[in-house]
Amino acid sequence: MPRVAELTVNGTRRRIDADPSVPLLTILRDHLGLTGAKYGCGEGQCGACTVLLDGQPARSCITPVRAATGKQITTIEGIQHPLQDAFLEEGAMQCGYCTSGMIVSGVALLTKTPHPSRDEIVHHMNGNICRCGTYLRIVAAIQKAAQSHA
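About the criteria used
- Residues numbered from 1 in each chain as written.
- Predicted model: local features only at pLDDT ≥ 70, side-chain atom pairs only at ≥ 80, totals over all residues.
- Heavy atoms only, no water.
- Helix = DSSP H or I, 4+ residues; strand = E, 2+ residues; numbered from the N terminus.
- Buried < 20%, exposed > 50% of the residue type's maximum accessible area, 1.4 Å probe, protein only.
- Arc of directions from axis to C-beta.
- Lys, Arg positive; Asp, Glu negative; His and termini not counted.
- Salt bridge = Lys/Arg side-chain N within 4 Å of Asp/Glu carboxyl O.
- Contact = heavy atoms within 4.5 Å.

(A) Geometry of the overall build of the protein. When helices and strands are counted, the protein shows six helices and five strands. Along the protein, helices (α) and strands (β) appear in the sequence β-β-α-β-β-α-β-α-α-α-α when read from the amino end. With the principal axes as the frame, the protein shows a C-alpha extent of 45 × 30 × 25 Å. Burial analysis of the protein (150 residues in total) assigns 44% to the buried set.

Pasting the structure below:
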């Protein structure tokens, strides 16, 4: 299999030399120095590694780099969104480990559904785990960001 791939990450085309089966998270963190996405469970269950592939949330720890080739990859480093300020204003983080994955997932929701209901937020964010348990503040931050677009 070819080892050289071209990825578009945060709007920039990048050439990488890696086995196509290597997880995208490894490429982002170890090859490109983009450390916002975190290694949590390594099984796609916690959401700490969430990035956007063509605007859709994806768990980069279980996404092989070959599946991201030809797609627009957006990491937390490439996001500028009112949700980031809302997270700060609502105190939606404590240790911060889940924050980038939460924000990336929240941005995907708000892009698809600009004014989601509380139930839609909870359903969409299900699977993003916060070790500190700030779920109510995370929901409040997403609601606040949705209102800022009103």
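(B) Just helix H1 (residues 24-31), in detail. Where H1 is concerned, the buried positions are Leu-24, Leu-25, Ile-27 and Leu-28. Seen along its axis, H1 keeps its buried residues to an arc of 165°; they face one direction. Positive phi appears at Gly-33, one or two residues downstream of H1, with a value of about 70°.

(C) Here's a closer look at the side chain of Arg-59. When you line up the elements, Arg-59 lands in strand S4 (residues 56-59). It turns out Arg-59 is buried and unbridged, and the closest side chain with the opposite charge, Glu-43, is 11 Å from it. If we skip the residues at most four places from it in the chain, Arg-59 touches Gly-44, Gly-47, Cys-49, Thr-50, Ser-105, Gly-127 and Asn-128.

(D) Representation of the pattern of salt bridges in the model. A complete count under the given rule lists three salt bridges for this structure. Measuring nitrogen to oxygen at the nearest pair gives 2.1 Å for the salt bridge that ties Arg-13 to Glu-6. For Arg-13, a relative accessible area of 61% translates into the label exposed. Under the relative-accessibility criterion, Glu-6 is labelled partly exposed at 30%. The partner of Lys-144 in a salt bridge is Glu-90, with the nearest N and O atoms 3.2 Å apart. Remark: Glu-90 occurs in helix H3 (residues 82-90) and Lys-144 occurs in helix H6 (residues 135-148); sequence separation between them is 54 residues. By relative accessible area, which is 31% here, Lys-144 ends up partly exposed. One connected set of salt bridges, linked through shared partners, spans Glu-89, Glu-90 and Lys-144.

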